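In case you want the letters, here they are:
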Amino acid sequence: MPNPNEIVSALVAAGFTHLVWIPDSHLGTWEPVLAGSPLAPIRVCREGEAVGVAIGLLLGGAKPLVAIQCTGFFEAGDAVRNAVHDMKLPLKLLVGVRGARAAKAGTGRDNCPHFAQRLVDAWELPHAHFDPAEANANLSAALATLTQAGPRVLLWSE
Amino acid sequence: MTHRDALEVLAARRGEHVVITTMGSVALWPQLSDSPLDFHYLPSSMGQGVPLGLGLCLARPGRGVVVLCGDGGLLMNLGCLVTAAQFTVPLYVLLIDNGLYEVTGGQAVAGAGRTDFAALARGAGFARVYEARDRAAWEAVAETALAGTGPVFVWLKVDGERGKPTPSAPRPMGEQIERLRAALQPKA
């Protein structure tokens, strides 16, 4: 599994200029490395707000990444709809999917993986999946999907 | 003070600031200004005007950004004040407080007339907070409030008005975005 140093280095290499985030127990492990990186995080209070900040950054010519857990992504639906479908902005989201690995193993009871998939479909968001715990996990390739033109979501298994 | 009064005072002093309008201000501001540095955030996600303004400040360091937000919108996203107060940026939040959801017909917002927005802003960490309940009071502080470092919070108490038409932006969103981005480019 890539460690936080490798992840943050890959995010910087992917060209992101700002990271707008609310950490969860998985994303939060990146914090010590982020603090000393060019991607020092912009801390917000709610996930829809993270999208609002990203809208302003995009209007100003920056290349932000919003990193949030899927539970917050569920809350942020209207802001995502507005950014992607009203404003046609290339919003980039890294969404931590709580319980995804357990669901894949058939041992989970968390409904987050079920609804995360259905909501990216409902909001018509081009997306890819990445499980950093897989033996052949290719972090650079996963982040490359985020840098494709237009809005993109990377569903990050937790 | 009417909503229009509040915006007229701003129009005379906005200088080179970006002005982001939301909700009812979208209908009034084009009558006072047609600058490429105007951005009418409509269609919008309600409550995201201040975060949008903060993002612009962070993308364009040094550029002043005024956000005209309503009390209904701000109440949907009060945490944005805490977020904005973390940064030293020239962000000027002008709260147009009419106590109403004006665009939907004039229903009262929660806590209408009882909420101390200045105290909320101070509590969130805003060091510069101004209040004005009439045009003269706003004119007296506007020059100072709209200059210098921030973030700045200005609580403008305006008359509630009902029966106003649903606002629409004077340009399509795509055109607005191109216009604003061009205006933000450094001059040769």
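Residues numbered from 1 in each chain as written. Chains lettered and ligands numbered in written order. Predicted model: local features only at pLDDT ≥ 70, side-chain atom pairs only at ≥ 80, totals over all residues. Heavy atoms only, no water.

Undergrad: Quick question: what am I supposed to make of the overall build of chain A here?
TA: The helix and strand tally for chain A stands at 8 helices and 6 strands. N-terminal to C-terminal, the α/β element order of chain A is α-β-α-β-α-β-α-α-β-α-α-β-α-β. Since a compact globule built from 158 residues should have a radius of gyration of about 15 Å, the 14 Å found for chain A is in line with a globular shape. Within chain A, the fraction of its 158 residues that count as buried is 53%. (Helix = DSSP H or I, 4+ residues; strand = E, 2+ residues; numbered from the N terminus. Rg over C-alpha atoms; globule rule 2.2 N^0.38 Å. Buried < 20%, exposed > 50% of the residue type's maximum accessible area, 1.4 Å probe, protein only.)

Undergrad: How should the sheet that holds strand 3 (residues 64-69) of chain A be read in this particular structure?
TA: In sheet architecture, strand pairing relies on hydrogen bonds along the backbone and comes in two forms, parallel and antiparallel. Residue and element names in this part refer to chain A. Pairing is parallel in the open sheet, where 6 strands are placed in the order 2-1-3-4-6-5. At either margin of the open sheet sits one strand with a lone partner, and together these are strand 2 (42-43) and strand 5 (127-130). In terms of strand pairing, strand 1 (residues 18-21) meets strand 3 through 4 bridges, oriented parallel. Directly across from His18, in strand 3, lies its bridge partner Pro64. (Pairing = 2+ DSSP bridges.)

Undergrad: I tried to follow the sheet that holds strand 8 (residues 152-157) of chain B on my own but got confused; where do I start?
TA: Residue and element names in this part refer to chain B. The strand order across the open sheet built from 6 strands is 2-1-3-4-8-7, with neighbouring strands paired in parallel fashion. The open sheet has two edge strands with one neighbour each: strand 2 (38-40) and strand 7 (128-132). Geometrically, the sheet is characterised by an average inter-axis angle of 15° between neighbouring strands, direction not taken into account. Examined bridge by bridge, strand 1 (residues 18-21) and strand 3 (residues 65-70) share 4 bridges and lie parallel to one another. Across the sheet, the residue bridging to Val19 is Val66, located in strand 3. (Axes fitted to C-alpha atoms, helices over the stretch in contact; angles between N-to-C directions.)

Undergrad: Help me understand the interface of chain B and chain A, please; the structure alone is not making it clear to me.
TA: Interface size is commonly expressed as the accessible surface area that is lost when the partners come together. With 27 residues of chain B at the interface, the matching set in chain A holds 23 residues. Together, the buried faces of chain B and chain A total about 1,800 Å²; carbon and sulfur atoms form 62% of this surface. Viewed at the interface, chain A and chain B are joined by 11 residue pairs in polar contact (both at pLDDT 80 or more). For the side of chain B that touches chain A, the elements supplying multiple residues, two or more each, are helix 3 (49-59), helix 5 (79-84) and helix 8 (173-184) of chain B. At 7 residues, the largest contribution of residues to the side of chain B that touches chain A is made by helix 3 of chain B. Considering only residue class, the side of chain B that touches chain A consists of 17 nonpolar, 8 polar and 2 charged. (Contact = heavy atoms within 4.5 Å. Buried area = accessible area lost by both parts, 1.4 Å probe. Polar contact = N/O pair within 3.5 Å; in protein donor to acceptor, adjacent residues only side chain to side chain. Nonpolar A, V, L, I, M, F, W, Y, C, P; charged D, E, K, R; others polar.)

Undergrad: What is the right way to look at the environment of Leu52 of chain B in this model?
TA: All names here are of chain B. Mapped onto the secondary structure, Leu52 falls in helix 3. Given the relative accessible area of 0%, Leu52 is considered buried. Sequence-wise, Leu52 and Val65 are 13 residues apart; in three dimensions their C-alpha atoms are separated by 9.8 Å.

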